[in-house]
Amino acid sequence: MTRALVLRAAGVNCERETLLALEQAGAVADLLHLQQVISAPSRLDEYSLLVFPGGFSYGDDIAAGRVLGFELRTFLGAALAGFVARGGYVLGVCNGFQVLVDTGLLEGVSARPSDRTIALTANVSGHYECRWVTLRNERSACRWLDAGVLWPTPVAHGEGRLMFKDEATLKRLEERGQIALRYVTREGASASYPELPNGSTAAIAGLCDPSGRVFGLMPHPERNVTPWHHPRWTRTAPRPNGEGLEFYRRLVAAAGAVNA
Amino acid sequence: MGQGAPDRYHATAAEHPRERLPALHLVLQGACVPKSCVLASNSVAPTAPISTPSSAAPKAPPQAWRVEVFRRPQVDDPAGAAAVAALREVGIGGVRSIRRGQGYLLSPELGADALARVASQLLLDPVLETARITAPGQWPEPANAAAAREGARRQRILVMRRRGVMDPTALTIEQVLQRSALSGAAVVRVLTFVVWELEPLGAGPLERAVLERAAREVFANDVVDEYFVDDEALHFDFPAPSAPRVVQHVPLRDADERELERLSRDGQLSLSLDEMLAIQAHYRARGAEPTLAELETLAQTWSEHCKHKTFTGVIDYDGERIDNLLKQTIKAATLELNKPWCVSVFHDNAGVIEFDQGWNVCFKVETHNHPSAIDPYGGAGTGVGGVIRDILGVGLGAKPIANTDAFFVGPADLPAEKLPKGCMHPRRILRGVVAGVRDYGNRMGIPTVNGGVWFHPRYIGNPLVYAGCVGLMPADCTNKSVEPGDAIVVVGGRTGRDGIHGATFSSLELHDESQVVSSSAVQIGDPITEKRVTDALLRARDARQYRAVTDCGAGGLSSAVGEMGAECGAEVDLELVPLKYPGLSPAEIWISEAQERMVLAVPQEKLAALLATFRAEGCEATAIGRFTATGRLDLRYRGELVGSLEMHFLHEGNPRPLRRATRPVIDTSDPGVPACPDATAMTLALLRAPNVASKEWIVRQYDHEVQGMGVLKPLCGERDDGPGDAAVLQPLPHSQRGIAIGCGANPDYGLRDPYAMACAVIDEALRNVVAVGGDPSRTAILDNFSWGNCKKPEQLGALVEASRGCKAAALAYQTPFISGKDSLNNEFRSGDETISIPPTLYVSALAIVPDVARSVSMDFKRAGDFVYVLGMTHAEFGGSQYFAQLGLSGGRAPRPDLALAPRTLRGLHAAIARGLVRACHDLSEGGLAVAAAEMAFAGELGAALDVTSLPLGAFDAARNDRDALALFSESCTRFLVEVAPESAAEFERTLAGLDWARIGAVNSASRLTITRGAVTLVDAQLQALRAAHQGGFKG
């Protein structure tokens, strides 16, 4: 049984659908406030999956994910590094991805946050945007994801454009198998706006760390779980659930193998 | 990352003795920037007049660290590019590029090392950004010096909030510094500002007048912002303290009528002479003068906003006496319908109906018109924040699960020269209110799922903003009570001078007001504080840690505490209220409308637990007094009594006004319905018309997916671009029962015939929810009136008519009103002319959807399916889009057949509930042709329709063209319905006895054709229809 911890702080607002998706995917999921973990970091030991859900942590003030990222760096840096080093899985969705990027956890466990080479910044459109897009699982260090699969997911963000320090960063991420998800057209071809909703470099929608256990993505798989989430469900045959559930099932299963 | 950082700095603050430098500026850089760029080029002298403080101005730089964060030169800057475009739109050219910087002022308690750490670890993205730092009391490096390093010339405009206006980012930084101990023990004060650096296109600098205009029209809103052109002297002080904190008495016992009126006017009390006389009589009997706090409390409680004096007063309607219009019409309908599923109507902060399995849903819609006219962004944002607090404050509190919004604005393409003085351009207003709703709703994690935009020239000076919120609550949380002895606890935001006399200020002439008045009347929301309130409140609710809750809205604490304690009494120690800054008088604390606050009644034995719950969420909660059994409202400040009022006089003492109303003159002229020589071109023109065209640019900026309850989204179809009729949500994960949320409004009908308009917009709201699967027998509706000045008899007469229309329609459809709101003084004076808004009734509908799996969207689904029209078409073109295109006035406004319409809705619902309907779209603005076009392009399927058999009411064929009537009439209670051939027989049986006709079929051709027999009326490619619909204003 996978035990998942969903971490919240002021402004986190996707905990409902995230908990529902995790539970439906077979996990036992708890919701804790950041302060509860800061005051007892050993609570992380109870879990094999740590989830930073979407929202506007601290209002996205300064920059999306910055303040929560700062707090994690300041108060839980070692605890998080230890959690990952022990084989724990970490998922950051949307604002959670922005937080993960800010902590430097996606750079690889040894990197210091100040050496960060990855950034998420304002969409090229200049504003927040909510729409459904198509993702393609890339061949990556995330072996729990089925490479090549196309699946629909909603995005809803204003700062989802991935940018890198330099060309070498992108090359390194590719070589290490850290590029896990790309925006594509419905048919799987290379995407431009609006299928690529934010202008992300190389159309990247999700990244993992070199181990494949720390994973962040801008889209919201937990908002494509019920039979009726998809905006075109009225145009298709009845479906048992949304494609996002499969994402969580695989993640929960992979994290469940940690303790086994 | 502290230990890794310093080697990247060119210098730290400590290494730069202040006296050696004209300005102390450090440049923090991301990791990859070459050292050469990092040099703070003290040797570069300023080359342009900009940015060197004028010697004439004895200004001083702020006594604060100044950190300015910019994107690195090689990183593109979408905000800067958008600013160039925005300037161009208002006719300011000559700008090559703009870059935006984010500025921070931090108080000098923060040491140099700590400041460097804060800048590099918190304020800066090390990959994309650089920072310039200036020490307290120093002038920043001249912009041109910095720019010269990059081979550019730049001129600066700085924008920051006026003193005392909410700055949420600054608050967040102050709080995180406190938590992190980065600032040591020192409490650091923070303000933020925005830097716009403009690079001129030509050789010379931009003229100062041009920069001033850019600041005024694009970068700053004078009411809430201060801007600095060629000036670096940002403010860093607090708002000036106000009146001395002593008991102030207002001498009115001996005042004559003139003096009473003057007191009301000068004190911004908005009390009428009758009301002032009632107060005078009360205090004469009491043998004392009122204190300022007492008078303010009475003014707030008796305000139109809180008391709805017009709606609940006495009206002389051409000799007919109407005692309490609200009670006689809207409430009467609800009372008469007496639906058992109506749980709580009209007396709480929102209407509550039964939902499912021990859960109720509630709905409230608010108007926020005048604040939005002055500051669209802040006004709309705080409107959203306010209605969310209504939902948090209904019963013991509900969880907000959906927002709605509606805007009524002037034409987006209004030529600049036609803009009246003192008005913002409708474009700017619309963008501002959209951004305000977006930034508040999205941050709260509440999906914005339904609404609308209506354009009309009469809204230019007085736009309307409606914000709605739907909540979900356990059924046993519907009731609240207050017991004497309970602690009065205020939670959430701190109290400042925000919003004092907001309501009265907004009715004064704008732009002539002093900075002090305007900065207090208009507010900026702080959604993250409200999110904390939500998180803490719902947890405290589930632990039953309080007995009652209400929101702090208009009137602030005075209204909230006054209402909660109305039946028992209350005493408050005003010095306990947490303040944003010092210097508020007791009366100001008491009536401040500062946002994001709520008031709880907490049993003393639960107080400690409640305070702990809020503390755990980082949300301030403070006991400020207690409820009593004295029947009095007692206000103290540091032990001194500053006000004492009998609750009875406060709530019942106001004289009821008598207003005169006269029956509105209904223009019965009818030009007839002219033939349309090219119905295809007309259909395309109608799709492009502002009130029909796609609002996708707005919808996409709202998170309509958060919380994961969505079943039908605002946009439907193969390319997600079809305008859905209503949203459907599945609030409980284990139940397939849903709710549908829809709305209706039509100011053009309102101008023709207010009674008909009321019926028609109720019909429209109901059509919308029924079309998606809502059950008309389980539908509640909300009324929101925005009207012109109801002291004018003809305006009030129109209100009487509309209210009577509401009653008749609600009774006919069996749909009770559960909540409502009115805003009755919407006019704008421009020169000698006063322009009233059109009578605007915005109706919202909330329907139960028995099974979300049976929800129906509006896009055509499958070639070969039949298309039916349901409902009768009449020659009703008054206020229609067709007439607007032809420039015609007159004509009868659409009015539903109240005997037949409810049966039509029930019949359609029965068909949907049986799964017989593939697609359904209501016919509204633009009529049948527009609806058919929307269904076709949304489904990416063609259709061939023949209107020969369309059910038509009687009409004078000599004056009305049959084809135009069929295609473009806006008669009520009509739908286009797609039905699979195999379901057709049962569908037709289900609709037996109603008006319907099968008018064609869906096909796989990529065009829509509408014919009458052999005559082709409309023949258009789907792509052309889609392009037209997408061809409107796009923000």
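Here, the structure is the one placed above.
One structure accompanies this document, and this report is about it. No experiment lies behind these values; they were computed from the predicted model shown. (Residues numbered from 1 in each chain as written. Chains lettered and ligands numbered in written order. Predicted model: local features only at pLDDT ≥ 70, side-chain atom pairs only at ≥ 80, totals over all residues. Heavy atoms only, no water.)

1. Digging into the overall build of chain B
How we decide: Numbering of helices and strands starts at the N terminus; helices are DSSP runs of H or I of at least 4 residues and strands are runs of E of at least 2. Each radius of gyration reported is based on C-alpha atoms, and the globular scaling rule is 2.2 Å times the count of residues to the power 0.38. In this scheme, a residue with accessible area under 20% of its type's maximum is buried, one over 50% is exposed, and one in between is partly exposed, where area comes from a 1.4 Å probe on protein chains only.
Secondary structure summary: chain B contains 34 helices and 40 strands in total. In terms of C-alpha radius of gyration, chain B reaches 30 Å, essentially the compact-globule figure of 31 Å for 1035 residues. Split into buried and exposed, the 1035 residues of chain B put 65% on the buried side.

2. As for the pairing of strand E14 (residues 448-455) of chain B
All names here are of chain B. Spelled out, the test is: Pairs of strands are assigned from DSSP output, requiring at least two bridges between the strands. Convention used here: a crossover is right-handed provided that the path from the first strand, over the helix, to the second strand proceeds clockwise when the strands point away from the viewer.
Burial analysis of E14 places 7 of its 8 residues in the buried class, which makes it a mostly covered element. Of the pairings in the sheet, the one linking strand E13 (residues 399-409) to E14 comprises 7 bridges and is parallel in character. From the neighbouring strand, Asp405 faces E14, where its bridge partner is Gly451. With helix H16 (residues 426-444) bridging E13 and its parallel neighbour E14, the resulting β-α-β unit is right-handed.

3. Overview of the sheet that holds strand E9 (residues 179-184) of chain A
Residues and elements named next belong to chain A. For the record, the criterion: Helix axes are fitted only over the stretch in contact, all axes being lines through C-alpha atoms; the angle between N-to-C directions runs from 0 to 180 degrees.
Spatial strand order, E2-E1-E3-E4-E11-E10-E9-E6-E7: 9 strands in an open sheet with mixed pairing. Pairing within the sheet leaves two strands with one partner each, and these edge strands are strand E2 (28-33) and strand E7 (150-157). Along the sheet, successive strands turn relative to each other by an average axial angle of 25 degrees, direction set aside. The pairing of strand E10 (residues 204-208) with strand E11 (residues 214-217) spans 3 bridges and is antiparallel.

4. As for the packing of helix H31 (residues 927-939) of chain B against helix H34 (residues 1022-1029) of chain B
Residue and element names in this part refer to chain B. What counts here: What sets the label is the angle itself: under 35 degrees gives roughly parallel, over 145 gives roughly antiparallel, 65 to 115 gives roughly perpendicular, and the rest give oblique. Any two residues having at least one pair of non-hydrogen atoms within 4.5 Å are treated as being in contact.
Axis separation between H31 and H34 bottoms out at 9 Å; the angle between their running directions is 110 degrees. If you check the angle between H31 and H34, you find them roughly perpendicular. Each of Ala933, Glu934, Ala936 and Phe937 in H31 lies in contact with H34, whose residues at this interface are Leu1022, Leu1025, Arg1026 and His1029.

5. Some details on the nonpolar core
Definition in use: Here, nonpolar core means buried Ala, Val, Leu, Ile, Met, Phe, Trp, Tyr and Cys residues that are tied together by side-chain atoms lying within 4.5 Å of each other.
Within the largest apolar cluster, 104 residues are counted, with the highest numbers of intra-cluster contacts made by Leu22(A), Phe215(A), Phe247(A), Val67(B), Leu106(B), Leu122(B) and Leu123(B). When residues in this core are grouped by element, the largest group, 8 residues, is from helix H3 (residues 66-85) of chain A. Excluding residues that lie within four positions of it along the chain, Val67(B) makes contacts with Gln102(B), Gly103(B), Tyr104(B), Leu106(B), Leu115(B), Ala119(B), Leu123(B), Ala131(B), Arg132(B) and Ile133(B). One finds Phe785(B), Ala810(B), Val856(B) and Phe975(B) within the second-largest nonpolar core, a separate group that totals 72 residues.

6. Section: helix H27 (residues 754-771) of chain B
All names here are of chain B. Heads up, the rule is: Expected span of a helix: the number of residues minus one, times 1.5 Å. Two N or O atoms count as a polar contact when they lie within 3.5 Å, although within protein this holds only if one can serve as hydrogen donor and the other as acceptor, and sequence-adjacent residues are included solely when both atoms are side-chain atoms.
Over its 18 residues, H27 runs 25 Å from end to end, which matches the ideal 26 Å to within 8%, given 1.5 Å per residue. A large share of H27 lies buried, amounting to 17 of its 18 residues. At the N-terminal boundary of H27, the capping side chain belongs to Asp753, with an oxygen 3.2 Å from the backbone nitrogen of Tyr755. One or two positions beyond H27, positive phi appears at Gly773, with a value near 125 degrees.

7. Side note on the sheet that holds strand E33 (residues 840-849) of chain B
Consider a sheet: its strands pair through backbone hydrogen bonds, and that pairing is either parallel or antiparallel. Residue and element names in this part refer to chain B. The strand order across the open sheet formed by 6 strands is E24-E27-E28-E33-E29-E30, and the pairing between neighbours is mixed. Only two strands of the sheet have a single partner each, and these edge strands are strand E24 (710-712) and strand E30 (817-823). Within the sheet, the average angular offset between the axes of one strand and its neighbour, ignoring direction, is 20 degrees. Bridge count for strand E28 (residues 738-744) against E33 is 7 bridges, and the pairing is antiparallel. Considered in E33, the bridge of Gly738 is made with Val849.

8. Topic: the interface of chain A and chain B
Keep this limit in mind: Buried area is understood as the total, over both parts, of accessible area removed when two parts are fitted together, assessed with a 1.4 Å probe. By convention in these notes, a salt bridge is any Lys or Arg side-chain nitrogen within 4 Å of a carboxyl oxygen on Asp or Glu. Only Asp, Glu, Lys and Arg are considered charged, only Ala, Val, Leu, Ile, Met, Phe, Trp, Tyr, Cys and Pro nonpolar, and every remaining residue, Gly among them, polar.
In this complex, chain A contributes 60 residues to the contact, which on the side of chain B involves 75 residues. Summed over both partners, the interface of chain A with chain B comes to about 5500 Å²; 53% of that surface belongs to carbon and sulfur atoms. We note a salt bridge from Arg116(A) to Asp125(B), for which the minimum N-O separation is 3.5 Å. In this structure, the connection of chain A to chain B is made through 30 residue pairs in polar contact (both at pLDDT 80 or more). Broken down by secondary-structure element, the contributors of at least two residues to the side of chain A that touches chain B are helix H1 (15-24), E2, H3, strand E5 (118-121), strand E6 (129-137), E7 and strand E8 (161-164) of chain A. At 6 residues, the largest contribution of residues to the side of chain A that touches chain B is made by H3(A). A breakdown of the residues in the side of chain A that touches chain B according to their chemical character gives 26 nonpolar, 14 polar and 20 charged.

9. As for the packing of aromatic side chains
Both the distance between ring centres and the angle between the ring planes are used here to describe each pair of aromatic rings. The test is simple: Two aromatic rings, drawn from Phe, Tyr or Trp (for Trp, its six-membered ring), form a pair once their centres lie within 6.5 Å of each other, and the interplanar angle then sorts them: stacked below 30 degrees, edge-to-face above 60, tilted otherwise. Here, a charge over a ring is recorded when the distance from Lys NZ or Arg CZ to the ring centre is within 6 Å and its angle to the ring normal is within 35 degrees.
Under the criterion given, the structure shown has 23 aromatic pairs over all chains. Seen in terms of ring centroids, Phe247(A) and Tyr248(A) are 5.4 Å apart; in terms of plane orientation they differ by 85 degrees. Their pairing is edge-to-face. For the pair shown, Phe247(A) and Tyr248(A) are each scored as buried. Joined through ring pairs, the aromatic side chains of Trp144(A), Trp151(A), Phe215(A), Phe247(A) and Tyr248(A) make up one cluster. Looking at Arg189(B), its charged tip hangs above the ring of Phe236(B), at a distance of 5.0 Å from the centre. Across the ring face of Phe238(B), the terminal group of Arg189(B) is positioned such that the distance to the ring centre comes to 3.9 Å.

10. Thoughts on the pattern of salt bridges
Residues and elements named next belong to chain B. Following the criterion strictly, the structure yields 87 salt bridges over all chains and no others. One salt bridge in this structure joins Lys364 and Asp390, with 3.4 Å as the shortest N-O distance. Here Lys364, found in strand E12 (residues 359-367), pairs with Asp390, found in helix H15 (residues 376-392); they are 26 residues apart in sequence, far enough to count as distant. Residue Lys364 shares its accessibility class with Asp390, and that shared class is buried. In this structure, the salt-bridge partner of Asp667 is Arg752, at a minimum N-O distance of 2.7 Å. Here Arg752 lies in helix H26 (residues 747-752) and Asp667 lies in the loop between strand E23 (658-661) and helix H24 (679-688), a separation of 85 residues in the sequence. Residue class for Asp667 comes out partly exposed when judged on its relative accessible area of 34%. Linked through salt bridges whose partners overlap, the residues forming this network are Arg66, Glu68, Arg99, Arg132, Arg154, Arg156, Glu197 and Glu232.

11. Section: the pairing of strand E1 (residues 3-8) of chain A
Residues and elements named next belong to chain A. The element E1 is extensively covered by neighbouring structure, given that 5 of its 6 residues are classed as buried. Of the strand pairs in this sheet, E1 and E2 are connected by 6 bridges, and their pairing is parallel. Following the sheet pairing, Arg8 is matched in E2 by His33. Following the backbone out of E1, through H1 and into the adjacent parallel E2, one traces a crossover that is right-handed. By the bridge criterion, 3 bridges tie E1 to strand E3 (residues 49-52) in an arrangement that is parallel.

12. Some thoughts on helix H19 (residues 527-542) of chain B
Since there are 3.6 residues in each turn of an α-helix, residues three or four apart along the chain are aligned in direction. Residue and element names in this part refer to chain B. Compared with an ideal rise of 1.5 Å per residue, which puts 16 residues at 22 Å, H19 spans 23 Å between its outermost C-alpha atoms and is within 8% of the ideal. Within H19, 14 of the 16 residues are buried, leaving the element largely enclosed by the surrounding structure. Positive phi appears at Arg544, one or two residues downstream of H19, with a value of about 50 degrees.

13. Section: a negative patch on the surface
Residues and elements named next belong to chain B. Worth spelling out the cut-off: Here a patch means residues that are over 30% exposed by relative accessible area and free of salt bridges, tied together within 9 Å if like-charged and within 5 Å if nonpolar (Val, Leu, Ile, Met, Phe, Trp, Tyr). We get accessible surface area from the Shrake-Rupley algorithm with a probe of 1.4 Å; when it comes to residues, only the shown protein chains can shield them. Only four residue types enter the tally: Lys and Arg on the positive side, Asp and Glu on the negative side, with His and both chain ends excluded. Working definition for charges: the position is that of NZ of Lys, CZ of Arg, CG of Asp or CD of Glu.
Taken together, the side chains of Asp256, Glu257, Glu261 and Asp274 present a region of like negative charge at the surface. Counting through the fold element by element, Glu257 comes out in helix H7 (residues 257-266). A residue is classified by how much of its surface remains accessible, and Glu257, at 46% relative accessible area, is partly exposed.

14. Let's talk about the packing of H3(A) against helix H4 (residues 95-103) of chain A
Residues and elements named next belong to chain A. To be explicit about the condition: Left-handed is the label given to a crossing in which the near helix is rotated counterclockwise from the far helix by less than a right angle, and right-handed is the label when the rotation is clockwise.
Packing of H3 against H4 leaves a shortest axis separation of 8 Å and a crossing angle of 45 degrees. As judged from the angle between their axes, H3 and H4 are oblique. Taken as a pair, H3 and H4 cross one another with a handedness that is right-handed. Contacts between H3 and H4 involve Arg66, Leu68, Gly69, Phe70, Leu72 and Arg73 from the former and Val99, Asp102 and Thr103 from the latter. Of the residues that constitute the contact of H3 with H4, the class distribution is 4 nonpolar, 2 polar and 3 charged.

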